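Letter by letter, the chains look like this.
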Amino acid sequence: MKHKIRVQVPVEKRGLLGIKKTVMETRTIEVDGKTYKKLKREWENRPYSIEEMMFYDEIFDEWDN
């Protein structure tokens, strides 16, 4: 079974004065079931980002007071 997922890929673009820079673009790709399950497992086991840690810290600090 095929699954469509959105991923961010680095793309090199020309900026002002022709200077190259690398930017992240979101693209939709199609993967098979085995790869989809692997990516899903990796996403669930990833460490929290700084924004998520700050969000959880803010939520649980409110309950302590």
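The following refers to the structure shown.

Basis of the calculations
- Residues numbered from 1 in each chain as written.
- Predicted model: local features only at pLDDT ≥ 70, side-chain atom pairs only at ≥ 80, totals over all residues.
- Heavy atoms only, no water.
- Phe/Tyr/Trp six-rings, centres within 6.5 Å; stacked < 30°, edge-to-face > 60°.
- Buried < 20%, exposed > 50% of the residue type's maximum accessible area, 1.4 Å probe, protein only.
- Pairing = 2+ DSSP bridges.
- Helix = DSSP H or I, 4+ residues; strand = E, 2+ residues; numbered from the N terminus.
- Patch = residues over 30% accessible without salt bridge, like charges linked within 9 Å, V, L, I, M, F, W, Y side chains within 5 Å.
- Areas by Shrake-Rupley, 256 points an atom, 1.4 Å probe, with all protein chains shown as cover.
- Salt bridge = Lys/Arg side-chain N within 4 Å of Asp/Glu carboxyl O.
- Lys, Arg positive; Asp, Glu negative; His and termini not counted.
- Charge placed at Lys NZ, Arg CZ, Asp CG, Glu CD.

### Section: the packing of aromatic side chains
Next up, step 1: Inspection of the entire model under this criterion finds two aromatic pairs.
Next up, step 2: Ring centres of Tyr48 and Tyr56 lie 5.4 Å apart, and the angle between their planes is 65°; this geometry places the pair in the edge-to-face category.
Next up, step 3: Since its relative accessible area comes to 33%, Tyr56 is described here as partly exposed.
Next up, step 4: Look at Phe55 and Tyr56: their rings are 5.7 Å apart centre to centre, the planes differ by 55°, and that puts the pair in the tilted class.
Next up, step 5: The class for Phe55 is partly exposed, based on a relative accessible area of 48%.

### Considerations on the pairing of strand 1 (residues 2-14)
Look at any regular strand and the pattern is simple: side chains alternate between the two faces of the sheet.
Next up, step 1: Where strand 1 lies against strand 2 (residues 20-32), 13 bridges are found, and the strand directions are antiparallel. By the bridge assignment, Lys4 is partnered in strand 2 with Glu30.
Next up, step 2: Counting the residues in the hairpin turn of strand 1 and strand 2 gives five residues, including Leu17, whose phi is positive at 65°.

### Some thoughts on a nonpolar patch on the surface
Next up, step 1: Together, Tyr48, Ile50, Met53, Met54, Phe55, Tyr56 and Phe60 make up a nonpolar patch on the protein surface, roughly 810 Å² of accessible area in all.
Next up, step 2: Relative to the assigned elements, Met53 resides in helix 2 (residues 50-64).
Next up, step 3: Judged by its relative accessible area of 44%, Met53 falls in the partly exposed class.

### Things to note about the pattern of salt bridges
Next up, step 1: Summed over all chains, the structure comprises four salt bridges.
Next up, step 2: Between Lys20 and Glu12 there is a salt bridge, with the nearest N and O atoms lying 3.8 Å from each other.
Next up, step 3: Notably, a salt bridge pairs Lys13 with Glu25, separated by 2.8 Å at the nearest N-O pair. Placement of Lys13 in strand 1 and of Glu25 in strand 2 is noted, with a sequence separation of 12 residues between them.

### Notes on a positive patch on the surface
Next up, step 1: On the surface, Lys34, Lys37, Lys38 and Arg41 cluster together to form a positively charged patch.
Next up, step 2: Tracing the backbone through its elements, the reader meets Lys38 in helix 1 (residues 33-44).
Next up, step 3: For Lys38, a relative accessible area of 47% puts it in the partly exposed group.

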